[in-house]
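What the coordinates show
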Amino acid sequence: MGVYHAGSRALQDRLGVRDLADHVGRSVGRGIKPVAAAFLELQPLLVVGAATPAAGAVWASVITGTPGFVRATGPHQISVVGGPPPTDPLATALTTPGTPVGTIALDPRTRRRMRLNGRLRPTSRGFAVEADRVFSNCPKYLQKRETYETVADRRPGAPRRGTGLTPAQAAFVAASDTFFLATVHPDGADASHRGGNPGFVRVVSPRELTWRDYPGNSMFLTLGNLAADPRAGLLFLDWTTGRTLQLTGEARTEFAPDGARTVHFTPTGTVDTPSALPLRWSAPQYSPANPDPTG
């Protein structure tokens, strides 16, 4: 499987960055390097994106654990101890052999992130992913959080499900500086990160969110996936209280004459879980790369 499919190539050609994308794409491989394996074993959090086996809805979910719960167990494989709760939209997908998944491990302490995409295999303790693509991203738009603690007595509340955003959920989204984005393509799935100063995601209505697509590495993996298949899943999390807000729906990209890009997302399902995660992170230091969201 090549690094790029037709959706990504079309965007690279439209914006005149194919040569740069080919250069960056040489860093993508199937192998997990020792430095990447060491990075994984330090992380308390892993985001996973996939489509549900029955309905095909795309969601992003998050799994937490004591560092070492996710680790490389071979040159092309990671293993994860645990999984999402049974109430999570991806609970079935992450126990189904062969499910295409995208994963991203993000460390706010060092502003580093690593993505690994592949096929899932259930195990007795959780699941493993046989890698198709492994690569790292630059620290752009990633907020730094110096420390975290595990809140031992925090327990998840009952998930609240809906089809559009409530006023409280809209306020939560508008105040967020980070979200995770799951997409799919003909050969698999992907999970990526989006960040900015609070306000970088706009809630136009209960059924529409928008955000500017900031300049990145010119690979256009996520937008390329959306060009081929509009299904998407968004994950917002509260880095203090552990609340998560998961959205599924469809996304499209609008291009301005100068090449600027805005993504429009229409949610069709929501899952809002209080205290879903046991982690409490310190206050953010916003990335110096973040544009002014009002600009």
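Residues numbered from 1 in each chain as written. Predicted model: local features only at pLDDT ≥ 70, side-chain atom pairs only at ≥ 80, totals over all residues. Heavy atoms only, no water.

1. Overview of the side chain of Ser79
- You can see Ser79 is positioned in strand β4 (residues 77-81).
- The buried category is assigned to Ser79, whose relative accessible area is 18%.
- Within the structure, the side chain of Ser79 is placed 2.7 Å from the side chain of Thr73, a separation counted as a polar contact.
- Apart from the residues lying within four places of it in its own chain, the contact partners of Ser79 are Phe69, Val70, Arg71, Thr73, Phe127 and Ala128. (Helix = DSSP H or I, 4+ residues; strand = E, 2+ residues; numbered from the N terminus. Buried < 20%, exposed > 50% of the residue type's maximum accessible area, 1.4 Å probe, protein only. Polar contact = N/O pair within 3.5 Å; in protein donor to acceptor, adjacent residues only side chain to side chain. Contact = heavy atoms within 4.5 Å.)

2. Digging into the pattern of salt bridges
- The full count for this structure, using the stated rule, is 12 salt bridges.
- Here Arg18 makes a salt bridge to Asp13, at a shortest N to O gap of 2.8 Å.
- Here Arg18 falls in the partly exposed class, since its relative accessible area comes to 33%.
- Among the salt bridges present, the one from Glu130 reaches Arg30, with a minimum N-O distance of 3.6 Å. Here Arg30 lies in the loop between α2 (18-25) and α3 (34-40) and Glu130 lies in strand β7 (residues 126-137), a separation of 100 residues in the sequence.
- Since its relative accessible area comes to 35%, Glu130 is described here as partly exposed.
- By relative accessible area, Arg30 is classed as partly exposed at 38%.
- Among the charged side chains, a network of salt bridges with common partners joins Arg160, Arg243 and Asp272. (Salt bridge = Lys/Arg side-chain N within 4 Å of Asp/Glu carboxyl O.)

3. Notes on the environment of Phe135
- For Phe135, the position within the fold is in strand β7.
- Taking relative accessible area as the criterion, Phe135 reaches 4% and is therefore assigned buried.
- In the structure, Phe135 is positioned 105 residues away from Arg30 in sequence and 8.6 Å away in space, judged by C-alpha atoms.
- Apart from residues no more than four positions distant in its own chain, Phe135 is found in contact with Ser27, Val28, Met114, Arg115, Asn117, Asp190 and Leu221.

4. Structural notes on the sheet that holds strand β5 (residues 100-107)
- With antiparallel pairing, the 7 strands of this open sheet are ordered in space as β2-β1-β5-β6-β7-β4-β3. Pairing within the sheet leaves two strands with one partner each, and these edge strands are β2 (58-64) and β3 (70-74). Taking the axes of each pair of neighbouring strands and ignoring which way they run, one obtains an average angle of 35° across the sheet.
- With 4 bridges connecting them, β3 and β4 associate as antiparallel partners. Within β4, the residue paired with Gly74 across the bridge is Gln77. (Pairing = 2+ DSSP bridges. Axes fitted to C-alpha atoms, helices over the stretch in contact; angles between N-to-C directions.)

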